[in-house]
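Structural features, examined
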Amino acid sequence: MEAAMDLMRRISPNQGEMALSALLAILPSHSSELLSQVDQPLQVLMDAKCEKEFILCEYNRDADSYRSPWSNEYYPPLEDGSLPSAEMRKLECEANDVFAIYRDQ
């Protein structure tokens, strides 16, 4: 584990994701420790409907799809993905608007 962490500190950032995947395959018993200690770059996806990017994370993930906060649709499409209630969706849209104003200022 110590050697794996040393490798991750020394590897080029553009090869970090590939190196982490290789280490997870080699050291499956240390996967939770590796994932908790190795910083991974954020991944984004383009919402084709709204033409805005959104961050891929566990909070908007369902199976292998991610829900866009802009259009409320899953990418790739997921027929039975969980969606927020109408009230929660309204709050989400208002929060998106507030953050956009804050970002612009």
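Above this text is the structure in question.
In what follows, the accompanying structure is described. Every chain is numbered independently, its residues counted from 1 as its sequence is written. Predicted model: local features are reported for residues with pLDDT of at least 70 only, side-chain atom pairs are reported and counted for 80 or more only, and whole-chain, interface and lining totals are derived from all residues. Side-chain calculation: all heavy atoms of the structure are included, whereas hydrogens and water are not.

1. Thoughts on the nonpolar core
For soluble globular proteins, nonpolar side chains are generally found buried alongside one another. Basically, it comes down to this: Among buried residues, those of type Ala, Val, Leu, Ile, Met, Phe, Trp, Tyr and Cys that are joined through side-chain atoms within 4.5 Å constitute a nonpolar core. A simple rule labels every residue: compare its accessible area, found with a 1.4 Å probe on the protein chains alone, to the largest value its type can have, and call it buried under 20%, exposed over 50%, or partly exposed in between. A run of H or I in DSSP becomes a helix once it reaches four residues, and a run of E becomes a strand once it reaches two; helices and strands are each numbered from the N terminus. Here, residues are in contact when the closest pair of their heavy atoms is within 4.5 Å.
Judged by nonpolar contacts, A4, M5, M8, A19, L20, L23, L34 and V38 together constitute the single largest core of 8 residues. Where this core is concerned, the elements lending two or more residues are α1 (2–10) and α2 (16–26). Ignoring sequence-local partners within four residues, the contact set of A19 consists of M8 and I11.

2. Description of the side chain of E92
Of note, E92 is situated in helix α4 (residues 86–104). In this view, E92 contacts R67, P69 and P84; residues no more than four positions away in its chain are not counted.

3. Looking at unusual backbone geometry
It is generally the case that most residues other than glycine have a negative phi and that most peptide bonds are trans. Residue P76 follows Y75 across a cis peptide bond; omega there is -15°. When you line up the elements, P76 lands in the loop between β5 (74–75) and α4. For N72, which is not glycine, the phi torsion reads 65° and is therefore positive. Inspection of the secondary structure assignment puts N72 in the loop between β4 (65–67) and β5.

4. Overview of the pattern of salt bridges
Selection criterion: Salt-bridge detection follows one rule: a side-chain nitrogen of Lys or Arg within 4 Å of a carboxyl oxygen of Asp or Glu.
For the coordinates displayed, the defined rule picks out 7 salt bridges. Across the pair E73 and K49 runs a salt bridge whose closest N-O atoms are separated by 3.1 Å. Of the two residues, E73 sits in the loop between β4 and β5 while K49 sits in the loop between β1 (43–47) and β2 (52–56), which places them 24 residues apart along the sequence. It is possible to trace a salt-bridge network through shared partners that takes in D6, R9 and R10.

5. Let's talk about the pairing of β2
How we decide: Strands are labelled as partners when DSSP assigns at least two bridges between them.
Looking at chain direction, β1 and β2 are connected through 5 bridges and run antiparallel. Directly across from D47, in β2, lies its bridge partner K52.

6. Concerning the sheet that holds β4
Pairing within the open sheet is antiparallel, and its 3 strands lie in the order β3-β4-β5. Each edge of the open sheet carries a strand with a single partner, namely β3 (61–62) and β5. Sheet topology note: the β3/β4 ladder contains 2 bridges and is antiparallel. In the strand pairing of β4, D62 is matched with S65.

7. A few points about α1
To keep things clear, this is the line we draw: Note that the arc is defined by the directions from the helix axis to the C-beta atoms.
Restricting attention to buried positions, one finds in α1 the residues A4, M5 and M8. In a view along the axis of α1, the buried residues occupy a sector of 95°, so they form one face of it. Among the exposed residues of α1, those oriented more than 90 degrees off its buried face are E2, A3, R9 and R10. Each element contacted by the buried residues of α1 is listed here: α2 and α3 (31–37).

So yeah, pure geometry; function would need other evidence.
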